[in-house]
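Take a look at the letters that make up each chain.
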2 protein chains.
Amino acid sequence: MQPLKIVFLGTSASVPTKERGLPAVYLEYEGRRFLFDCGEGAQRQLLLAGKSPTSLDAIFITHYHGDHVFGLPGLLNSMELNGREKPLYIFAPASTLHRIRWLVHAIPFSPSFPLVWKPVKGREVLWEEKLFYIESYPLKHSTETYGYIFVERDRRKLLKDKLDELGVKDWKVYRKLKAGEEVEWNGAVLSPEDYTLLVKGRKVGYFVDTAPVEVPPVDYIIFDATFLESEREKAKETLHSTVKEAAEVAKRAGAKKLFLYHISPRYREEDPLLEEARKVFGNVEVARDLQEIVLT
Amino acid sequence: MQPLKIVFLGTSASVPTKERGLPAVYLEYEGRRFLFDCGEGAQRQLLLAGKSPTSLDAIFITHYHGDHVFGLPGLLNSMELNGREKPLYIFAPASTLHRIRWLVHAIPFSPSFPLVWKPVKGREVLWEEKLFYIESYPLKHSTETYGYIFVERDRRKLLKDKLDELGVKDWKVYRKLKAGEEVEWNGAVLSPEDYTLLVKGRKVGYFVDTAPVEVPPVDYIIFDATFLESEREKAKETLHSTVKEAAEVAKRAGAKKLFLYHISPRYREEDPLLEEARKVFGNVEVARDLQEIVLT
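Every value quoted in this text rests on a predicted model; they were computed, and no experiment measured them. (Residues numbered from 1 in each chain as written. Chains lettered and ligands numbered in written order. Predicted model: local features only at pLDDT ≥ 70, side-chain atom pairs only at ≥ 80, totals over all residues. Heavy atoms only, no water.)

1. Concerning the packing of aromatic side chains
Considering all chains together, one arrives at 36 aromatic pairs over all chains under this definition. With centroids separated by 4.7 Å and ring planes inclined at 5°, the aromatic side chains of A:Phe60 and A:Phe91 adopt a geometry described as stacked. Taken together, the residues span a long stretch of sequence, with A:Phe60 in strand β4 (residues 58-60) and A:Phe91 in strand β5 (residues 88-93) at a distance of 31 residues. Pair check on accessibility: A:Phe60 and A:Phe91 agree, each one buried. Summarising the aromatic geometry, the rings of B:Phe36 and B:Phe60 are spaced 5.1 Å apart at their centres and angled 20° between planes, so their arrangement reads as stacked. Of this pair, B:Phe36 sits in strand β3 (residues 32-36) while B:Phe60 sits in strand β4 (residues 58-60), and the two are 24 residues apart along the sequence. Here the two residues B:Phe36 and B:Phe60 agree in accessibility, since each one is buried. A cation over a ring is seen here: B:Lys162 above B:Tyr195, with NZ or CZ 5.2 Å from the ring centre. (Phe/Tyr/Trp six-rings, centres within 6.5 Å; stacked < 30°, edge-to-face > 60°. Helix = DSSP H or I, 4+ residues; strand = E, 2+ residues; numbered from the N terminus. Buried < 20%, exposed > 50% of the residue type's maximum accessible area, 1.4 Å probe, protein only. Lys NZ or Arg CZ within 6 Å of the ring centre and 35° of its normal.)

2. Remarks on the sheet that holds strand β2 (residues 24-29) of chain A
All names here are of chain A. Strand order in the open sheet formed by 7 strands is β6-β5-β4-β3-β2-β1-β18, with mixed pairing between adjacent strands. The open sheet is flanked by β6 (115-120) and β18 (291-295), the only strands paired with a single partner. Along the sheet, successive strands turn relative to each other by an average axial angle of 20°, direction set aside. In this sheet, β5 lies alongside β4 in parallel orientation, the contact comprising 3 bridges. The residue bridging alanine 58 from the neighbouring strand is tyrosine 89, located in β5. On the sheet, helix α3 (residues 72-81) packs against β3 (32-36), β4, β5 and β6 and is oriented at approximately 165° with respect to β5. In the packing of helix α4 (residues 97-105) onto the sheet, contacts are made with β5 and β6, and the angle to β6 comes to roughly 155°. (Pairing = 2+ DSSP bridges. Axes fitted to C-alpha atoms, helices over the stretch in contact; angles between N-to-C directions. Contact = heavy atoms within 4.5 Å.)

3. Some details on the side chain of A:Thr145
Residues and elements named next belong to chain A. Tracing the backbone through its elements, the reader meets threonine 145 in the loop between β8 (132-138) and β9 (146-152). On the basis of relative accessibility, which here comes to 3%, the residue threonine 145 falls in the buried class. At a separation of 2.7 Å, a polar atom in the side chain of threonine 145 contacts the main-chain carbonyl oxygen of threonine 143. The residues contacting threonine 145, other than those within four sequence positions of it, are Thr62, His63, Tyr137, Pro138, Leu139, Val208 and Asp209. (Polar contact = N/O pair within 3.5 Å; in protein donor to acceptor, adjacent residues only side chain to side chain.)

4. Some remarks on helix α10 (residues 271-278) of chain A
All names here are of chain A. Looking only at α10, the buried set comprises Leu273, Leu274, Glu276 and Ala277. Within α10, the buried residues cover an arc of 165° as seen down the axis, which keeps them to one side. In α10, the exposed positions angled more than 90 degrees off the buried face are occupied by Asp271 and Glu275. Buried residues in α10 make contact with α9 (243-252), β16 (257-261) and β17 (284-286). (Arc of directions from axis to C-beta.)

Encoded structure:
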């Protein structure tokens, strides 16, 4: 499988701390580079992570609250100054996209590269490639907000030994089997179930900012964990989630691993967060700034 | 003398590097806290420097180019979230102030503290206190741009020994002498020249972004040094200064010390900059991110 790289650029909520910057997550796969949210400082964090701020293909904004978008004007201006030419796509909730555009153009900005604004209007596939796609997923916050799911497509790996036994060498047969189709060969019907191995694609979900919601099955889940249970009322009031709630969502989504994200500045220690999460869901980490995860 | 603290929060030009953030300079004196420019990341740099982003009294913006203002929306939102109540004054060039306001309000923002916008229209005193004032000074750039000068007022220190010899114990006499006035005492005229010592106040000038310009006499000068002489054409074209030009300005201003500031990302080493400057002006440093200078 192709390596799938994720870097947490900023992991605080609302305001930065010495240790945590503002929300932005970098995802790289198959030569494509994406950003989810763009809090203030994202461009510098990309540099510190050794990733190029100029070569992003698309930016997916969950919602228009300042801590998720104030890094956009600087990042886009730097792309222009660095001579970017290829189009940049920015996906953002339809009802507030115009305010994000105002933010980007408040200081006159006419980039030489095409800047393509894409309103998100519900659950939809936003980006499609041969090996993967990215879709939006409605969340529950004080303004129109979407989570984003990276979905690697399932693929079929040929069982070469079995095909060699039969004497099959025809690439047309291979192609059909890989596409999941039955093939007639030498009077027999070869089924993809028998001659290929189904390799399930990986799914990564980024769900921030949100009250607890049911989400589709994902393998790796990055979820809003702004508060501890002791602040549940505050979480409810501000439409965020507690660590326990994040763990419960991860469990129901059948995730392999949970990253607690969007951590309130009031929590300086990881242990109380991990302790609360582990009562519900074992494989959990508190996302850290500049932490790089490589899924191979 | 009261300590005068200066912290360089970001020292790059146009785009950040791993080592240098975007322009912002913090100045603290007599319980007052000021920011000159507010590039992206200024609030986080303040935290890293151990200074409170919430308690600034005023922000002085040189001009509206992105690298000097993109930190404003985040900083102001954090002030609000941190419960600030006292007014904040923002000074910016009159002709472009409205665009900076758009930037701050593009994402709806109605702070509970008074946000007072002050257009700067030429050379004028903008902030006055008993011990100091801050004035603007027109610079030469591609848009209306001002430098800012912090001026500590000269003061008279009583020559107590001489006054004691005469037997003067009257605080009214002291007050007049300190104010620089002659006083009649016991039939004699006491002159402030004879009975006080004139202590010259310190002056700090922040002159960025600009082509070389004549500036008023200052003791500490922070000057645009975007390029080396080898890129003089580029400096001319973009209305910036070279290191040599910055050194020449510092010399003519009678400065004690020059800080090279607004360093192009193309220069990763300090030595070539220092070498070029020292041919003209000896006491020079390349400003570094989070460098704190305490003038006592």
